[in-house]
Amino acid sequence: MTLRKTATPPMGWNSWDSYGTTVTEAEVLANAEFMAEHLLRHGWDTIVVDIDWADPTARSHGYNESAPLVIDGFGRVQPDPVRFPSSAGGAGFGPLAARVHGLGLKFGIHIMRGIPRLAVERDLPVLGAGVTAATVADPANVCEWNPHYLGLDHWQPGAAAYYHSIADQYAQWGVDFIKADDLLWPYQAAEIEALSTAIETAPREIALSLSPGRDLSAAHLEHLRAHATMWRICDDLWDRWEDVEANFARLARWAPLAGPEGWPDADMLPLGRIGLRAERGEPREGALTLAERRTLVTLWVMARSPLMIGGDLPTSAPETIDLFTNDAVLEILRDSSGNRELLRERDLVVWAAEHGDTRWVAVFNTSDEARDEPFDTRSLGLGHSPDAVVDVWNAASVPVEAVDEQSDAARGVAPGSSVVRLGLEPHGCVLLRS
């Protein structure tokens, strides 16, 4: 088959922000059912089980040293049958994937780079390779934060066969999406190529997402496009304004490079009910204000980043769910082009995008204070005296005024121009369409 590329940025739900390493089959299905009922018609279609689904001892707030991962006779991790009962008897994620597919959704899983330490300690055979796990492992190339895996030595015959064995198994299970971790910091070119090649030859189309993205350079762009569907451009993002604000600069660099060849990923949306049993924090409806949540979604959409909701959907507040169902906003994610930053001055950031004759402009206030700002419509890329300007989030008309003479009320707008006056909340934004 082939590594699946997507015409638009992937949209879905991921268990990490809510459940960390501990999510259960029942919780995955509850979120899948909510998505199918409330979000699928708005474009959300993928359910992803994040890290450590093979650990029977998984807990909140971290990883377990020497975890007794469930593995098969070829060193491949298997779902913990206590948390995922339908996987019993060697069924793997096949039954759960079938349930998710039955809802009209795609099914995804998280994996780690490399091979389980347990497979190496037991020196299990690599399927179809005539070698063992200890032969192909690279103990010098290990993850700095997850103790369960060793790297693979791709100079050794048979190392690539391990990735082929897991990709084939995931395809048999019905996996549509793989989030592969510990590949971008440091940049693991050989591992990326081996995993991508294995997916290319697996008997099912599978999208590949690479993580974690810390300090990722655009010098890797062509390699990323050749070997992935999407790739992270930052470390884990949580419900802190400083995390959101830091992505303005990253997205300004990466957004012009986004497209069907590959999607730079600003990380999951830590929105809704998160921290239930997560790696970080306690149960909460996210610490971001409603204005900050809207800013996050607006920036991700304007940059055409993939959207993966982190909050537990059935227990999230209605005003948060509303952020995911505004089709006029999501239209930008699907259909826009020319997505770029126009301005960054005085704690103001302006982004623009277009589709045919339609123009979108997002104005962000990154300061801690509310402000009222006049903008020359030409400086926003809306042209002189646009016929109609609409606030996309609330579908309200925005007045456009003619400026006949210089005044303090429209500072920075020349006579003969037109102006829109925007009220901006602290860390808030206004999204316009003309």
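Residues numbered from 1 in each chain as written. Predicted model: local features only at pLDDT ≥ 70, side-chain atom pairs only at ≥ 80, totals over all residues. Heavy atoms only, no water.

Trainee: Describe the sheet that holds strand E19 (residues 418-424), listing the residues and the values that go with them.
Mentor: Ordered by their spatial adjacency, three strands build an open sheet running E15-E19-E18, and the pairing between neighbours is antiparallel. What marks the edges here is a single partner per strand, and that holds for strand E15 (371-376) and strand E18 (401-402). Pairing geometry for E18 and E19, over two bridges, is antiparallel. Bridged to Glu-401 within E19 is Val-419. (Pairing = 2+ DSSP bridges. Helix = DSSP H or I, 4+ residues; strand = E, 2+ residues; numbered from the N terminus.)

Trainee: If you had to explain the packing of helix H6 (residues 159-173) against helix H7 (residues 189-201) to someone new, which residues and values would you point to?
Mentor: Close contact between H6 and H7 brings their axes to 8 Å; oriented N to C, the two are set at 45°. Between H6 and H7, the crossing angle belongs to the class labelled oblique. Of the two possible hands of crossing, H6 and H7 adopt the one that is right-handed. Where H6 abuts H7, its residues Tyr-163, His-164, Ala-167 and Asp-168 lie against Glu-191, Ala-194, Leu-195, Thr-197, Ala-198, Ile-199 and Thr-201. (Axes fitted to C-alpha atoms, helices over the stretch in contact; angles between N-to-C directions. Parallel < 35°, antiparallel > 145°, perpendicular 65-115°, else oblique. Left-handed = near helix turned anticlockwise from the far one by under 90°. Contact = heavy atoms within 4.5 Å.)

Trainee: Can you lay out the side chain of Asp-55 for me, pointing to particular residues and giving the numbers?
Mentor: Its location among the elements puts Asp-55 in the loop between strand E2 (46-49) and helix H3 (94-102). One buried charged residue, Asp-55, forms no salt bridge at all, with the nearest opposite charge on Arg-83 at 6.1 Å. Of note is the side chain of Asp-55, whose polar atom sits 3.4 Å from the side chain of Asn-64. In contact with Asp-55, other than residues within four places in its own chain, are Asn-64, Ala-67, Pro-68, Leu-69, Asp-80, Arg-83 and His-148. (Buried < 20%, exposed > 50% of the residue type's maximum accessible area, 1.4 Å probe, protein only. Lys, Arg positive; Asp, Glu negative; His and termini not counted. Salt bridge = Lys/Arg side-chain N within 4 Å of Asp/Glu carboxyl O. Polar contact = N/O pair within 3.5 Å; in protein donor to acceptor, adjacent residues only side chain to side chain.)

Trainee: Break down the sheet that holds strand E3 (residues 106-112) for me, citing the residues and quoting the values.
Mentor: Here we have eight strands laid out as an open sheet, ordered E10-E9-E8-E7-E3-E2-E1-E11, and parallel in their pairing. Edge positions in the open sheet fall to strand E10 (263-265) and strand E11 (307-309), since each of these has one partner strand only. Across this sheet, the average inter-strand angle for adjacent strands is 25°, counted without regard to direction. The sheet contact formed by E2 and E3 spans four bridges and is parallel.

Trainee: Go over a negative patch on the surface, please, and point to the residues and values.
Mentor: A cluster of like negative charges, contributed by Glu-242, Glu-245, Asp-347, Asp-368 and Glu-369, occupies part of the molecular surface. By secondary structure assignment, the location of Asp-368 is in the loop between strand E14 (358-365) and E15. (Patch = residues over 30% accessible without salt bridge, like charges linked within 9 Å, V, L, I, M, F, W, Y side chains within 5 Å. Areas by Shrake-Rupley, 256 points an atom, 1.4 Å probe, with all protein chains shown as cover. Charge placed at Lys NZ, Arg CZ, Asp CG, Glu CD.)

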